[in-house]
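# Report on the structure
As a plain string of letters, each chain reads:
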Amino acid sequence: MAILKLAGFLRPSRNQLLHKRLPGEGVRDSIWQHAINTLAGFSTVRQNIVADAGKLTGRVFAPYSVFKGKAALSAEPRLPTFSKLDSGGVKLNRRGVIMLTFWPSVGERKYDWEKRQLFALSATEVGSLISIGTRDSCEFFHDPSMLSSNAGQVRKSLSFKPNADGSGYFVSLSVVNNNLKTNDRFTVPVTTAEFAVMRTAFSFALPHIMGWDRFTNQPSESISQSPSKVVPQLMETEWDR
């Protein structure tokens, strides 16, 4: 079992600095509670940078993560893949997504990565999500076997529902797998600030997962001679979990 443990993410020197700068106990307690309940994901980039070109030669890992008491949630873009045409142009192979990953808590600041579940938001679903108001909700349903005889064997539903006091949303993922006879459910409360980060990041990523950034930028990492040669890491899908 792969356990992710969160500990010591604030250095002592920074803790002391926070105490010196904060004028009152109420403000300090509020900040410490927020620090305990929420940890934004830090960008981790493979250290294989070409020094003379200043470009990354490997995949960049930069999820935005929110850790709460019963579960954690992370979001990151998965770019589309392209194949090269004989004419010299490129053709879209697979559209990109915003991949949401949920995994459960197994103790104080401990999370079980092996029990993670994925939900891939399409461009249209991203549009629905970033357009909701503080009192609005939205829900998405995925079934890999939809319109076939196996429909309903595996079902995923994702919902964003506002808190009663308007301070944020409850993000819930339900995964029912009748083949494995499992029913997993994750709920992660996100604050208004956390949702604002997600909305802004998703809005920024939207043209990139559609592939429209290729009009002005054509990095070579996700362009291949054929679909079978697409960078393997980029091929992971929601249904791999």
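Our subject in this report is the structure included herewith. Not measured: the values here are computed from a predicted model.

Take the pairing of strand β9 (residues 90-94) next. Direction of pairing for strand β8 (residues 81-84) relative to β9: antiparallel, over a ladder of 4 bridges. By the bridge assignment, T81 is partnered in β9 with R94. Counting the residues that bridge the hairpin from β8 to β9 gives 5 residues, and of these G88 lies at a positive phi of roughly 105 degrees.

Looking now at the nonpolar core. Ranked by size, the top nonpolar core spans 31 residues in total, and within it I98, L100, F102, L121, L158, F160 and F202 carry the most contacts. Broken down by element, this core gets its largest block of residues, 6 residues, from helix α4 (residues 192-210). If near-sequence neighbours (up to four positions away) are discounted, F202 is found in contact with A75, I98, L100, L121, V126, L129 and I130.

Tracing the sequence through the fold places R185 in strand β16 (residues 182-191). Using a relative accessible area of 57% as the deciding quantity, one classes R185 as exposed. Placed 29 residues apart in sequence, R185 and K156 show a C-alpha to C-alpha distance of 9.7 Å. Excluding its chain neighbours within four sequence positions, the residues that come into contact with R185 are S172, L173 and S174.

What follows covers the environment of T200. Structurally, T200 is set in helix α4. Sequence spacing of T200 and I130 is 70 residues, and the spatial spacing of their C-alpha atoms is 8.1 Å.

Before going further, it helps to spend a moment on the sheet that holds strand β13 (residues 138-142). With antiparallel pairing, 4 strands are arranged side by side in an open sheet as β13-β14-β15-β16. With partners counted over all chains shown, the strands left at the sheet margins are β13 and β16, one partner each. On average, each strand axis in the sheet is inclined to that of its neighbour by 10 degrees, with strand direction left out of account. The sheet contacts of helix α3 (residues 123-130) involve β13 and β14 (154-162), and relative to β13 the element is tilted by about 160 degrees.

At R109, a position not held by glycine, the phi torsion is positive, near 60 degrees. Along the polypeptide, R109 turns up in the loop between β10 (97-107) and β11 (110-112). On the accessibility criterion, R109 (31% relative accessible area) is partly exposed. Of note, K181 is a non-glycine position whose phi angle comes to about 55 degrees, a positive value. Tracing the chain through its elements places K181 in the loop between β15 (168-177) and β16. Its relative accessible area of 75% is what places K181 among the exposed residues.

So, how was this worked out
- Residues numbered from 1 in each chain as written.
- Predicted model: local features only at pLDDT ≥ 70, side-chain atom pairs only at ≥ 80, totals over all residues.
- Heavy atoms only, no water.
- Pairing = 2+ DSSP bridges.
- Helix = DSSP H or I, 4+ residues; strand = E, 2+ residues; numbered from the N terminus.
- Core = buried A, V, L, I, M, F, W, Y, C linked by side-chain atoms within 4.5 Å.
- Buried < 20%, exposed > 50% of the residue type's maximum accessible area, 1.4 Å probe, protein only.
- Contact = heavy atoms within 4.5 Å.
- Axes fitted to C-alpha atoms, helices over the stretch in contact; angles between N-to-C directions.

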